[in-house]
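Summary of the model geometry
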Amino acid sequence: MPGKDAMPSTVERSDKKAQRTWVETYDSAMETYGDDGARVRRTAFAALKHTHEKVGDHWEPKDRNGPSDAQAARPGRKTEKPTAGGVDAKASKKHLMDVAKKLDVPGRSSMKKDELVDAIQKANNRKTAKSRGKK
């Protein structure tokens, strides 16, 4: 199972469903695309983002399945839309506020929805770097 060996640490710290989604998609993409590692990883992350959102240094199940941002909602891989890095940008503002609170994002109460998405993404990146032993 190459997907298990290639599993990112953020997925390793996640629930079994997230891990299974990663491994099954990664392995299937390997059969389809061969050794194009970047494309295989993008495919595995795309599948994971449909069922999970990144919260801190791990992935948690979403309340609803589906694309997490404008980039994920578009077909094909060459688009100009920015990605939200695993943040469920299509979630309600209330949900984003709850995630921001969980991550202790300062100033969250006065943020607009798009500002919350950016702040959560930055908090996720910091927590992931800390979990990986980076500053």
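Structure: above.
Let us look at the structure shown here. Worth saying up front: this structure is predicted, and the values here are computed from it rather than measured. (Residues numbered from 1 in each chain as written. Predicted model: local features only at pLDDT ≥ 70, side-chain atom pairs only at ≥ 80, totals over all residues. Heavy atoms only, no water.)

Scanning the entire structure with this criterion turns up four salt bridges. Arginine 13 is the partner of aspartate 57 in a salt bridge, and the nearest nitrogen-oxygen pair spans 3.3 Å. Taken as a pair, aspartate 57 in the loop between strand 1 (52–55) and strand 2 (58–61) and arginine 13 in the loop between helix 2 (9–12) and helix 3 (16–33) lie far apart in primary sequence, 44 residues in all. With relative accessibility at 16%, the residue aspartate 57 sits in the buried group. The partly exposed category is assigned to arginine 13, whose relative accessible area is 33%. The salt bridge involving arginine 64 is made with aspartate 88; its shortest N-O contact spans 3.1 Å. You can see arginine 64 sitting in the loop between strand 2 and helix 5 (70–73) and its partner aspartate 88 sitting in the loop between helix 5 and helix 6 (93–102), a full 24 residues away along the chain. With relative accessibility at 33%, the residue arginine 64 sits in the partly exposed group. Residue classification places aspartate 88 among the buried positions, given a relative accessible area of 3%. (Salt bridge = Lys/Arg side-chain N within 4 Å of Asp/Glu carboxyl O. Helix = DSSP H or I, 4+ residues; strand = E, 2+ residues; numbered from the N terminus. Buried < 20%, exposed > 50% of the residue type's maximum accessible area, 1.4 Å probe, protein only.)

On to the packing of helix 6 against helix 7 (residues 113–131), then. The interhelical angle for the contact between helix 6 and helix 7, taken along N-to-C directions, is 30°, at an axis separation of 10 Å. In this view, helix 6 runs roughly parallel relative to helix 7, as classed from their interaxial angle. Crossing of helix 6 against helix 7: the hand is left-handed. Here Lys93, Leu96, Met97, Val99 and Ala100 of helix 6 come into contact with helix 7, specifically with Lys113, Leu116, Val117 and Ile120. Partitioned by chemical class, the residues of the contact of helix 6 with helix 7 number seven nonpolar, no polar and two charged. (Axes fitted to C-alpha atoms, helices over the stretch in contact; angles between N-to-C directions. Parallel < 35°, antiparallel > 145°, perpendicular 65-115°, else oblique. Left-handed = near helix turned anticlockwise from the far one by under 90°. Contact = heavy atoms within 4.5 Å. Nonpolar A, V, L, I, M, F, W, Y, C, P; charged D, E, K, R; others polar.)

A separate point is the pairing of strand 2. One ladder, built from four bridges, connects strand 1 with strand 2; its direction is antiparallel. For valine 55, the partnering residue across the bridge sits in strand 2 and is histidine 58. Counting the residues between successive antiparallel strands, the hairpin from strand 1 to strand 2 contains two residues, one of them, glycine 56, with a positive phi of roughly 70°. (Pairing = 2+ DSSP bridges.)

Its place among the elements puts glutamate 12 in helix 2. Note on glutamate 12: relative accessible area 47%, which makes it partly exposed. Between the C-alpha atom of glutamate 12 and that of tryptophan 59, which follows or precedes it by 47 residues, the distance is 9.1 Å. When near neighbours in sequence (up to four residues on either side) are disregarded, glutamate 12 contacts Met7 and Gln19.

A positive phi is found at aspartate 104, a non-glycine position, where the angle reads about 60°. Mapped onto the elements, aspartate 104 comes out in the loop between helix 6 and helix 7. What makes aspartate 104 exposed here is its relative accessible area of 59%.

Taken as a whole, this structure holds three aromatic pairs when the rule is applied. Between tryptophan 22 and phenylalanine 45, the ring centres sit 4.9 Å apart and the planes meet at 65°, which makes this aromatic pair edge-to-face. You can see tryptophan 22 sitting in helix 3 and its partner phenylalanine 45 sitting in helix 4 (residues 37–51), a full 23 residues away along the chain. When its relative accessible area of 0% is taken as the criterion, tryptophan 22 is described as buried. (Phe/Tyr/Trp six-rings, centres within 6.5 Å; stacked < 30°, edge-to-face > 60°.)

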